[in-house]
Amino acid sequence: MSEIPARATESEDPSDGVRADAAGIAAADTGPGEASPGDAMWQSSPPGSIYDYIKVASFSIGPDGLVDQWSLRAEQLLGIPAERAVGTDPIEAFIDPDLRERGQRKMAEILDGREWTGVVPFRTPDTGTERGQRALAEVYVMPTRTEDGEKAAVCIVVDVRTLRSIETDLAASQAIFGQSPFGFLLIDPDLRVRRANQRFASVFGGTPDDHRGKGVHDYLPRAEADRVTATLRRVLETGDSITDMHVTGFVPGTDERRHWSVNLYRVHSGSGRPIGVAWLGTDVTARRAAAREAAAARRNLALLNEAGARIGNSLDLETTARQLLDVVVPGFCDLATVDLYQGLLAGDETPPGLADGSAELRRVAFSSAVSDAPFHGTGERVQLGAVHHYPFNSPCADALRTARPRTVPAEDGGLVQSTLAVPMVAHDTVVGLAQFARTKGSEPFGDRDRNLAVELAARAAVCIDNGRLYRREHERALILQRSLLPPGDPEASGLDIACRYLPGNAATGRPSEVGGDWFDVIELPGHRTALVVGDVMGRGLRAAVAMGELRTAVRTLAQLDLEPAEVLSQLDEIARGLGAPGGVQQATRAARRPREADLSEVYLATCVYAVYDSVTRRCTFANAGHLPPVLVEPGEPALMLDVPPGMPLGVGGEPFEEVEVELPEGALLALYTDGLVESRDHPLDEGLQAFVGALTDPARPLEDVCDHVLNTLDSHHGEDDIALLMARVQGLPADSVGDWTLPREPRSVGRAREYARAQLLGWDLEPLVDTTELLVSELVTNALRYGEGEIRLRLLLDRTLVCEVWDSGLVQPRRRRARDTDEGGRGLQLVGLLSAAWGSRRTPRGKTVWFELPLPGGDTTLTDPAEALLSLF
């Protein structure tokens, strides 16, 4: 038994006395002037104590069974000051009345020299304001003797609630270290492992005790260990916790790189003093792999979405190829090229398809995120735009031949480490080859990358094939449209003609559907000319075909020499018939029926039709919903002619009006379509004013005027076709016209021959005298026999010689084949044999029969009248 001191300790913390005693012992072991190791240890890093966690108090009992010493801890635990406790009976002060008798017996045994340990319920004494509280205390009673040899006792009291809490915490700590599925380490202030759990040991080998004293460098690569060590030191110094720190390393016995998510926090003693760092690690290798997979899937999906938005916006083949590379570089690869079959680019009907892979290709696109020069990792260097082919045994040729992606081996010492050669397949047809390459330092292509590359190449291939088909149809429609327009530079009597036609987007270079714009210059009898400009609404092959049908109809109706208004009326019927299955008659019947659901197509067109007479310089206009003609007279500003705009062709039900205008010599007439004066950026009124303002110098050559107009106006928008027809008036001179009136009498036939002979001799056309006299005689004779009223004879000299015979009769001459026994009926046959052309037309006051002869010295040879007469028999 140890002796207790005669007086109560002055220390508030029981451990302080222990530390003081240890310090004293250490001081006794050292000489004067020497530093004590114990002092240094306690002063620099005082260790923790059990008293930091539990509530312990002490007091002593004298021989009389009364308290004779009372510690400060007892005051704190029991709430009774020393002046009240000293001299009191502890049984009477702290034990309930019903337990006091038993307590007295135990006290007697203790004072008799027996130790005792047990749990004692006690009650703190009442105060002036509060009642005493019931509690449990674990009491350790140890017998002692006083200085006089009398029996006494020392009592150590521990709060049971604190002990139970410590037991629970210890059990939880054991559970964490022994049962936690996560790696758990307790690292001391020297950054050494103080304790490890079984989970950590199962990963890095051995038992938990084998890891004590090890450092971070024993588990991680040097660079990673240095980083983690700095982090541990920072946590120990600052107390700031670290959450989800990523740590990479290897486990013993494998080369597999592992990833952990580590949480670090500083651990403190019961008094709040840091005693180390807790390490809680979770293996996230699988999670990071799944995250990489998910990130790759999201990246691929985003790449496909971007490809869907950016690829295919243009129908140009090379532009589509460049759009593919804009999507994949640098998001998918570092370098990429696209090669298309040369035959496909040249417009061949049948692409090479699954050929042997050695056909000629052209490199149409290249993109690089690391260099501006083509890379060498896929064979010989090929410049952009060059035509080349791959060797038969090369991976690229094999990809083209089999329509399957192939991996191209990288060259030693080159920039590229991984290359995919992906055939561009659309509708089971290979149109080209795309190559995707990644440089050294990038992740090599995997199976997912291969599938993505095939999908991207297929999308671009479909767009390229669509562009190829569209370009083919566009070229066909354009060829059809151009074939329906007047070939070369049109010529007309009394007019200087210049024209321009620009298909939609011809100026911008972007492929577009052709439109239905057209113009025409039609020579009519009597040195007259029909000028036509029209526009079929809509675009594409349908509009071009409708335009061709209407143009053919206009030329046919013009040869009938109908009035302009009547020509448009007939065209209106024809346009209505174009959209009806049964033609014009079916469309007419449908118009009379009540309106129902009409599934037939509707063809609408605008047209302006003008007939110019070079003898009188008068021009008759009729308009079907088209823009007004523009006239520029010499010395005057340009103006738009007031021609009543009728309804467009195909609407029907409305008549068309005519306007006759006399054109002065040198005047300029312009007919055009709306593509010249209207676009999205320029409204129609603004465009018309700009067009009128551009015709400021009509005296310039017509070709220059046309170019000036197209350069001045916004004619490069490419939204619609543009047709421009310009004519400068050059009327026949008076000395090129012979005009006579003959009475209805037989002598007029001879007089007509005399007039014709004299006029031709005056024009120095003696080779035509005999033929002209013969044909004039036939026509005047027919006018006398079958016509009515006065007879008018007119000779016109221009590029050809035209003879006209007028009368008031309405009956048109009809050519017939005379039998061998007939005495007559051969006059019109003779006219047809000797003339280049002949015909008849109605006039407001009768009819006109005419014939045309080529001038001497031309390509056409004259027919001998004698041979022509003999051929009739």
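What you are looking at is a predicted structure, and each value in this text was computed from that prediction instead of being measured.

**Here's the deal with the overall build of the chain**
Along its length, the chain carries 23 helices and 31 strands. Within the chain, the fraction of its 873 residues that count as buried is 45%. As displayed, the chain offers around 44200 Å² of accessible surface, 50% of which is attributable to carbon and sulfur atoms.

**Observations regarding unusual backbone geometry**
Omega for the bond connecting V329 with P330 falls within 30 degrees of zero, at 0°, which places this linkage in the cis form. As for its position among the elements, P330 is in the loop between α11 (317-328) and β11 (335-341). Phi at D561 takes a positive value of approximately 55°, unusual for a residue other than glycine. Its location among the elements puts D561 in the loop between α15 (541-559) and α16 (564-578). By relative accessible area, which is 11% here, D561 ends up buried. Backbone geometry at R617 places phi at a positive 55°, although glycine is not the residue there.

**Brief notes about the packing of helix α20 (residues 747-762) against helix α21 (residues 769-786)**
Two packed helices can be described by the angle between their axes and the distance between those axes. One way to put it is that α20 packs onto α21 with a least axis distance of 9 Å and a crossing angle of 150°. Here α20 is positioned roughly antiparallel relative to α21, judged by the angle of their axes. Considering how the two elements wind past one another, α20 and α21 form a crossing that is right-handed. Between α20, through S748, V749, A752, R753, A756, R757, L760 and L761, and α21, the contact on the second element is made entirely by V769, D770, T772, E773, V776, S777, V780, T781 and L784. Residue classes in the contact of α20 with α21 are distributed as nine nonpolar, four polar and four charged.

**Focus: α20**
The first and last C-alpha atoms of α20 sit 23 Å apart over 16 residues, in line with the 22 Å expected at 1.5 Å per residue. Within the span of α20, buried status applies to S748, V749, A752, A756, Q759 and L760. Buried residues of α20, seen end-on, are gathered within an arc of 105° and therefore sit on one face of the element. Set apart from the buried face of α20 by more than 90 degrees, the exposed residues are R747, E754, A758 and G762. If you follow the buried residues of α20, they end up packed against β27 (737-742), α21, β28 (791-797) and β29 (800-807). Phi turns positive one or two residues past the end of α20, at D764, with a value near 60°.

**Regarding the sheet that holds strand β14 (residues 406-408)**
Note: strands within a sheet are paired through backbone hydrogen bonds, in either parallel or antiparallel orientation. Read from one edge of the open sheet, six strands run β13-β12-β11-β16-β15-β14, paired in antiparallel fashion. Both edges of this open sheet fall to β13 (387-388) and β14, since each of them pairs with a single strand only. Bridge count for β11 against strand β12 (residues 361-368) is seven bridges, and the pairing is antiparallel. By the bridge assignment for β12, V338 is matched with A365. The strands that helix α13 (residues 395-402) touches are β11, β12, β14, β15 (416-426) and β16 (429-439); relative to β14, the one it contacts most, it runs at about 170°.

**Description of the pattern of salt bridges**
Using the criterion set out here, one finds 39 salt bridges in the structure. Its salt-bridge partner being R576, residue E573 comes within 3.4 Å of it at the nearest N-O pair. Residue E573 and its partner R576 are both found in helix α16; the two are separated by three residues, about one turn of the helix. Judged by its relative accessible area of 28%, E573 is partly exposed. Notably, a salt bridge pairs R757 with D770, separated by 3.8 Å at the nearest N-O pair. Note that R757 is positioned in helix α20 and D770 in helix α21, a separation of 13 residues in sequence. Residue classification places D770 among the exposed positions, given a relative accessible area of 51%.

**Things to note about the sheet that holds β29**
Spatially, five strands are ordered β27-β28-β29-β31-β30 in an open sheet, and the strand pairing comes out antiparallel. This sheet does not close on itself; its edge strands, each paired only once, are β27 and β30 (837-843). Neighbour-to-neighbour, the strand axes of the sheet open up by a mean angle of 15°, direction not taken into account. Direction of pairing for β29 relative to strand β31 (residues 846-854): antiparallel, over a ladder of eight bridges. Counterpart to T800 in the pairing with β31 is P854.

**Structural notes on the packing of aromatic side chains**
For the structure on display, the rule yields nine aromatic pairs. Their ring planes at 10° and their centres at 5.3 Å tell us that W740 and Y755 sit as a pair that is stacked. Highlighted residues: W740 in strand β27 and Y755 in helix α20, separated in sequence by 15 residues. According to the relative accessible area criterion, Y755 is partly exposed, its value standing at 28%. Members of the aromatic cluster, joined through ring pairs, are F200, F204, Y219 and W260. Stacked on the ring of W806, the Lys or Arg R792 has its end atom at 4.5 Å from the ring centre. Sitting over the ring of W806, R841 keeps its end group 5.7 Å from the ring centre.

**Quick notes on the nonpolar core**
Looking at soluble globular proteins, one finds that nonpolar side chains tend to be buried together. Core analysis: the largest hydrophobic core is formed by 47 residues, its most contacted members being L324, V328, F332, V338, M424 and F436. Of all the elements, helix α14 (residues 447-484) adds the most residues to this core, at eight residues. If we ignore the near neighbours within four places in the chain, the residues touching F436 are V328, F332, C333, L335, A336, S418, T419, L420, V422, F445 and A453. Of all hydrophobic cores here, the second largest spans 29 residues; its members include V769, L779, L801 and V849.

**Structural notes on helix α10 (residues 285-310)**
Its 26 residues place the ends of α10 37 Å apart at the C-alpha level, agreeing with the 38 Å of an ideal helix rising 1.5 Å per residue. Within α10 the residues assigned to the buried category are T285, A296, N300, L303, L304 and A307. Following α10 by one or two positions, G312 has its phi on the positive side, about 100°.

**Side note on the confidence of the model for the chain**
Of all residues in the chain, 82% have pLDDT values of 70 or greater, and the mean over the chain is 81. In this model, residues 506-511 is a region of pLDDT below 50 whose contacts with residues beyond four sequence positions or in other chains number 10 contacts. Below pLDDT 50 for its whole length, residues 590-600 participates in five contacts with residues either more than four positions away or in separate chains.

**Quick notes on a negative patch on the surface**
The grouping of D64, D68, E147, D148 and E150 at the surface amounts to a negative patch. The topology assignment puts D68 in strand β2 (residues 67-70). Classification of D68 as partly exposed rests on a relative accessible area of 39%.

**Looking at the state of the cysteines**
Tallied over the entire structure, the rule returns zero disulfides. C499 takes part in no disulfide bond, and the closest cysteine sulfur to it belongs to C706, at a distance of 7.4 Å.

**Considering the environment of Q570**
If you trace the backbone, Q570 turns up in helix α16. Judged by its relative accessible area of 36%, Q570 falls in the partly exposed class. Among all residues touching Q570, those that are not within four sequence positions of it are L557 and L562.

**Description of the packing of α10 against α11**
Where α10 meets α11, the axes come as close as 10 Å, and the angle between the chain directions of the two elements is 155°. As judged from the angle between their axes, α10 and α11 are roughly antiparallel. Relative to α11, α10 is oriented so that their crossing is right-handed. For the pair formed by α10 and α11, the contact residues are L303, E306, A307 and R310 on the first element and Q323, D326 and V327 on the second. Of the residues belonging to the contact of α10 with α11, the class tally is three nonpolar, one polar and three charged.

Basis of the calculations
- Residues numbered from 1 in each chain as written.
- Predicted model: local features only at pLDDT ≥ 70, side-chain atom pairs only at ≥ 80, totals over all residues.
- Heavy atoms only, no water.
- Helix = DSSP H or I, 4+ residues; strand = E, 2+ residues; numbered from the N terminus.
- Buried < 20%, exposed > 50% of the residue type's maximum accessible area, 1.4 Å probe, protein only.
- Areas by Shrake-Rupley, 256 points an atom, 1.4 Å probe, with all protein chains shown as cover.
- Axes fitted to C-alpha atoms, helices over the stretch in contact; angles between N-to-C directions.
- Parallel < 35°, antiparallel > 145°, perpendicular 65-115°, else oblique.
- Left-handed = near helix turned anticlockwise from the far one by under 90°.
- Contact = heavy atoms within 4.5 Å.
- Nonpolar A, V, L, I, M, F, W, Y, C, P; charged D, E, K, R; others polar.
- Expected span 1.5 Å × (residues − 1).
- Arc of directions from axis to C-beta.
- Pairing = 2+ DSSP bridges.
- Salt bridge = Lys/Arg side-chain N within 4 Å of Asp/Glu carboxyl O.
- Phe/Tyr/Trp six-rings, centres within 6.5 Å; stacked < 30°, edge-to-face > 60°.
- Lys NZ or Arg CZ within 6 Å of the ring centre and 35° of its normal.
- Core = buried A, V, L, I, M, F, W, Y, C linked by side-chain atoms within 4.5 Å.
- pLDDT = per-residue confidence, 0-100.
- Patch = residues over 30% accessible without salt bridge, like charges linked within 9 Å, V, L, I, M, F, W, Y side chains within 5 Å.
- Lys, Arg positive; Asp, Glu negative; His and termini not counted.
- Charge placed at Lys NZ, Arg CZ, Asp CG, Glu CD.
- Disulfide = S-S within 2.5 Å.

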